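# Residue-level structural notes
Here is how the chains run, residue by residue.
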Amino acid sequence: MRLYAQTTARRSRQILADLIAVALICAAVKLALVAHDAIKRLADPGRKAESAGNSLSNGLVDAGDAASKVPFVGGQLKKPLRSAAEAGTGLADAGRSLQDTVNHVATLSTLALIVIPVVIVLLLWLPPRLRWIRRSALTRRLATNPGGADILALRVLAGPQHKLAALPTPPGGLAEAWRRGDEQVITDLAEIGLRQAGLRA
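Residues numbered from 1 in each chain as written. Predicted model: local features only at pLDDT ≥ 70, side-chain atom pairs only at ≥ 80, totals over all residues. Heavy atoms only, no water.

## Here's the deal with the overall build of the protein
Looking only at helices and strands, the protein has six helices and zero strands in total. Counting from the amino terminus, helix and strand elements in the protein follow one another as α-α-α-α-α-α. The C-alpha atoms of the protein give a radius of gyration of 37 Å, which is well past the 17 Å a tight globule of 201 residues would have. Seen along its three principal axes, the alpha-carbon backbone of the protein occupies a region of about 125 × 25 × 20 Å. Residue pairs in contact within the protein that sit at least 24 positions apart in sequence constitute 70% of those at least 6 positions apart. By element, 66% of the accessible surface of the protein is carried by carbon and sulfur atoms, the whole surface being about 12700 Å². Positive and negative charge centroids in the protein, built from 26 and 15 side chains respectively, lie 4 Å apart. (Helix = DSSP H or I, 4+ residues; strand = E, 2+ residues; numbered from the N terminus. Rg over C-alpha atoms; globule rule 2.2 N^0.38 Å. Contact = heavy atoms within 4.5 Å. Areas by Shrake-Rupley, 256 points an atom, 1.4 Å probe, with all protein chains shown as cover. Lys, Arg positive; Asp, Glu negative; His and termini not counted. Charge placed at Lys NZ, Arg CZ, Asp CG, Glu CD.)

Structure (structure tokens):
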């Protein structure tokens, strides 16, 4: 199985197309990672809120514990401080929730920014490459089979006529020479068929 054409022009085009496809895929991945980092920075307020909430809650719990030691009114002082500590815990929970949401958005955005462009590039690039690989293998097999050169020559005769301009025209024309089984004409036509497929005889 041949991955690249033998003819210089077609091989150059194939290599260029492959390099462009790889570059586009790499660019999509890099862009997705940059976007991921940018989105993750949106979680900074959530981290600060979580940290502030935890500090506030811990401070108020400590203050409540200290206030509970005050004689006679300690129990009454501790209750509002405990309630305020729960508000600090709520702030910390909200900060964590914001971070989780930002992380989910960052992950989904990264996947979308990678998968969609990669799928588009593969759909535009891979089928023609696979078709050429299959077609070149069939053409090569046809050329080596008995009578294959005749079939290749017939395909060239039935195709675009400007490809035949370089061949000398025998008496009666190329088609007549092919019908007569002129080996030189058949060989020349088969070589054109191979070149059209990006192969050499």
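Next comes the rest of the account.
## Side note on the packing of aromatic side chains
Applying the stated criterion to the full structure yields zero aromatic pairs. The lysine or arginine in question, Arg129, covers the ring of Tyr4, its NZ or CZ lying 4.8 Å from the ring centre. (Phe/Tyr/Trp six-rings, centres within 6.5 Å; stacked < 30°, edge-to-face > 60°. Lys NZ or Arg CZ within 6 Å of the ring centre and 35° of its normal.)

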